[in-house]
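# Fold and contact review
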2 protein chains.
Amino acid sequence: MAESTPVLDFDGWSCPVPLRDSPTIVMGHGGGGQLSAELVQHLFVPAFGSQGDAGTADSAVFELGGARLAFSTDTFVVRPLFFPGGSIGDLAVNGTANDIAMSGAMPSHLSCGFILEEGTELSVLGRIAEDMGAAARRAGVAIVTGDTKVVDAGHGDQVYVNTAGVGLIPDGVDIRPQRAAVGDVIIVSGAIGVHGIAIMSVREGLEFGTEIRTDTACLYPLVAAMLAVTADIHVLRDPTRGGVATSLNEIASAARVGVRLTEKALPVPPEVRNACALLGLDPLYVANEGKLLAFVPREQAEAVLAAMRAHPLGEQATVIGECVDEHRAMVVATTTFGGTRVVDVPIGEQLPRIC
Amino acid sequence: MAESTPVLDFDGWSCPVPLRDSPTIVMGHGGGGQLSAELVQHLFVPAFGSQGDAGTADSAVFELGGARLAFSTDTFVVRPLFFPGGSIGDLAVNGTANDIAMSGAMPSHLSCGFILEEGTELSVLGRIAEDMGAAARRAGVAIVTGDTKVVDAGHGDQVYVNTAGVGLIPDGVDIRPQRAAVGDVIIVSGAIGVHGIAIMSVREGLEFGTEIRTDTACLYPLVAAMLAVTADIHVLRDPTRGGVATSLNEIASAARVGVRLTEKALPVPPEVRNACALLGLDPLYVANEGKLLAFVPREQAEAVLAAMRAHPLGEQATVIGECVDEHRAMVVATTTFGGTRVVDVPIGEQLPRIC
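Residues numbered from 1 in each chain as written. Chains lettered and ligands numbered in written order. Predicted model: local features only at pLDDT ≥ 70, side-chain atom pairs only at ≥ 80, totals over all residues. Heavy atoms only, no water.

## Some details on the domain arrangement of chain A
According to the domain assignment, chain A consists of domain 1 (7-48), domain 2 (60-168) and domain 3 (177-342). Computed over C-alpha atoms, the centres of domain 1 of chain A and domain 3 of chain A are 28 Å apart. (Domains from an automatic or database assignment.)

## Considering the packing of aromatic side chains
What the rule picks out here adds up to six aromatic pairs over all chains. Relative to B:Phe114, the ring of A:Phe44 has its centre 4.6 Å away and its plane inclined at 20°; by these criteria the two rings are stacked. One end of the pair, A:Phe44, is in helix H1 (residues 34-48); the other, B:Phe114, is in strand E7 (residues 106-117), on a second chain. Here B:Phe114 falls in the buried class, since its relative accessible area comes to 1%. Three or more aromatic residues joined by ring pairs form one cluster here, namely A:Phe44, A:Phe48 and B:Phe114. (Phe/Tyr/Trp six-rings, centres within 6.5 Å; stacked < 30°, edge-to-face > 60°. Helix = DSSP H or I, 4+ residues; strand = E, 2+ residues; numbered from the N terminus. Buried < 20%, exposed > 50% of the residue type's maximum accessible area, 1.4 Å probe, protein only.)

## Some thoughts on the side chain of B:Thr216
All names here are of chain B. The topology assignment puts Thr 216 in the loop between helix H4 (194-203) and helix H5 (220-229). Among the polar contacts made by the side chain of Thr 216, one reaches the side chain of Asn 94 at a distance of 2.9 Å. Setting aside residues no more than four positions away along its own chain, Thr 216 makes contact with Gly 85, Asp 90, Leu 91, Asn 94, Glu 289 and Gly 290. (Polar contact = N/O pair within 3.5 Å; in protein donor to acceptor, adjacent residues only side chain to side chain. Contact = heavy atoms within 4.5 Å.)

## Considerations on the interface of chain A and chain B
With 82 residues of chain A in contact, the opposing surface of chain B contributes 82 residues. Around 6800 Å² of area is buried between chain A and chain B when both sides are counted, 68% of it from carbon and sulfur atoms. The largest contributions to the chain A side of the interface with chain B come from A:Ile25, A:Phe48 and A:Leu122, which together make up 11% of the buried area. Here chain A and chain B share six salt bridges between them. For the interface between chain A and chain B, the tally reads 22 residue pairs in polar contact (both at pLDDT 80 or more). Mapped onto the side of chain A that touches chain B, the elements with two or more residues apiece are H1, strand E3 (60-64), strand E4 (67-76), strand E7 (106-117), helix H3 (122-139), strand E8 (142-151) and strand E9 (159-168) of chain A. (Buried area = accessible area lost by both parts, 1.4 Å probe. Salt bridge = Lys/Arg side-chain N within 4 Å of Asp/Glu carboxyl O.)

## Looking at the UniProt feature "domain: PurM-like N-terminal" (unreviewed entry) in chain A
UniProt records the feature "domain: PurM-like N-terminal" (unreviewed entry) for residues 58-169 of chain A in the present numbering. Regarding residues 58-169 of chain A, the helix share stands at 29% and the strand share at 46%, and the terminal C-alpha atoms are separated by 14 Å. (UniProt positions renumbered as here; feature names shortened; annotations may be inferred.)

## Quick look at empty space enclosed by the protein
Tallied over the full model, the rule gives five cavities of 30 Å³ or more. Taken as a whole, the largest cavity spans an internal volume of roughly 110 Å³. What lines the largest cavity is a set of 13 residues, and nearest its centre among them are A:Gly31, A:Gly242, A:Tyr285, A:Glu349 and A:Gln350. Its residues assigned to classes, the lining of the largest cavity comprises six nonpolar, five polar and two charged. Taken as a whole, the second largest cavity holds about 90 Å³ of empty space. Surrounding the second largest cavity, B:Gly31, B:Arg241, B:Gly242, B:Tyr285, B:Val286, B:Ala287, B:Pro346, B:Glu349, B:Gln350, B:Leu351 and B:Ile354 form its lining. Residue composition of the lining of the second largest cavity, grouped by class: six nonpolar, three polar and two charged. (1 Å grid on protein atoms, 1.4 Å probe; cavity = no way out; pocket = protein on both sides within 12 Å on 5 of 7 lines; lining within 4 Å. Points joined across faces, edges and corners; volume = space filled by probe spheres on them. Nonpolar A, V, L, I, M, F, W, Y, C, P; charged D, E, K, R; others polar.)

## A few points about the environment of B:Val151
Assignment of secondary structure puts B:Val151 in strand E8 (residues 142-151). Of the residues examined, B:Val151 reaches a relative accessible area of 0% and is grouped as buried. Residues B:Val151 and B:Leu116, 35 residues apart in the sequence, show an inter-C-alpha distance of 6.2 Å. B:Val151 has contacts with A:Met27, A:Val77, A:Tyr160, A:Arg353, B:Ile115, B:Leu116, B:Glu117, B:Glu118 and B:Gly156, leaving out every residue within four places of it along the chain.

Structure follows, in structure tokens:
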């Protein structure tokens, strides 16, 4: 029995544990939960020589030529490509624009990289590209550079899209997970769980009475309205893969604060609640594509909330919790019955290929 | 017979011609030749509302917060993942770093987006990530942000990697295809065709006597040495997919100059020449991953060439042609027998999934 730090050795390449002894990639490695985090922490960070904070923020922040930039990337493999209210094209533009906006930056320039499967209809690619162009115009960003690769039939799934993007961070703005502080008020900008359920409804052919449409949107205008109230917003996060629960856990861990959620304050639309009950899902873990979480100092919270509610993207903004001095690095929900429960990070994912 | 501009209509999505009447994506759309260019010009540019120049430079150039930036992206789908002298990880770092360097910028920050196929061995991903980290350290760039998606078995090919990156362009540097001018001397930094043949040799299990290793390298240090001689370099281009022939054609078109090549001046190593003869390939069209083409004003050419030869990445730099006032937007080679031939852009690609 060795006493040193355990190391997995795979065919000459070795990595520190955990990676859960699985010698192969499983779907959960792409789910944004614990398996994804372990891949980053135990495989990518050591290999890239990155800092320990890598992966905790939605975008990287650095200075270049005197400009403070936010830089981010996301790859989109959602199935199906088109769904109620949007397509992979909308997600690809809004998703990366939002990651940049979550640093308080105005997203301005995007790149796109396509992996096309041989045999895909040109009309499918055409519709996706048009959706990307329309989403970019709505978001006020320019798609300025790109690349296209084609892979043999059977080695793709019609269209995969990567986008990366940059944006300028205004002076005086310093928004990142590590800044969450005891006393911060936690606000969500609107109804949660909508995107994930929109995808599941069309994928599984489920009917929930009313059609549930994705909430995909570029959130920067809402961020700008919030920053007009105060530059001192501590944390912003768009809770995509893994949902609100995963985002809150990542922030609680990064800042070593406790997060206390009030379950009955969560804005879950009835159709999402019903669909989740049917599918055995928890809305706290379902992906959103047009919502943000904000951690705001208590003295600013009322004014920020008012500004959010005055904006079309934040009409239903509401306070869902606070940062506390107890159970640091953990998220605990006060249930509707007055009890408490730990809101943990899922191992893998409830819904594969949701974005 | 309609007299208006012909438009293809695919299932409600319409695009201007040509796109060659093919209703589906073919491998050649990813080959960097005419089919790729048509996809950009007739599908992406209209959809994105980009300018007509889109796609002619290796990177986009813009100002942000007072800093002049180069921004580029590339997706890598090379098969096999590991080959003599390198891997998809090396290409992913060096390829995007080089696209940025071809604007005269120092590549500084990279993003990476992975599409992993379920069932891929973690050790494969680990080796690729370590190659990326090592290449980034050699290139002096930091991988600062990333994303991982997993797709079901049978919808990928182990590992696809997208990288995007930014770099700062020094004051006084303005390097772009449109600046090629009559009288410019055209220099290549070393032996051509090496990367493509390295891939083909391992893919097809061919033996050419000596092992041919990829030339993958980050070219920025060579660019910096050239810029130390003069800021007035007109064009830089790394001739990857489609090879030297395609790059020269793109530059001739963008600047509306004629390009005259001297065939016997082309530095083709004997083993590449032999392999090309065996495979029925023209080395002018074979991909390179560690070479650059430079268009330099005649009066600076000698000093720039000397600086290149003094650098390890340019020891075999040589003049291969010039820009002329004839046959504008075309590339014409003077053959070893004293005749001339038009060097055209290939329709698709000779070698699929070469990068």
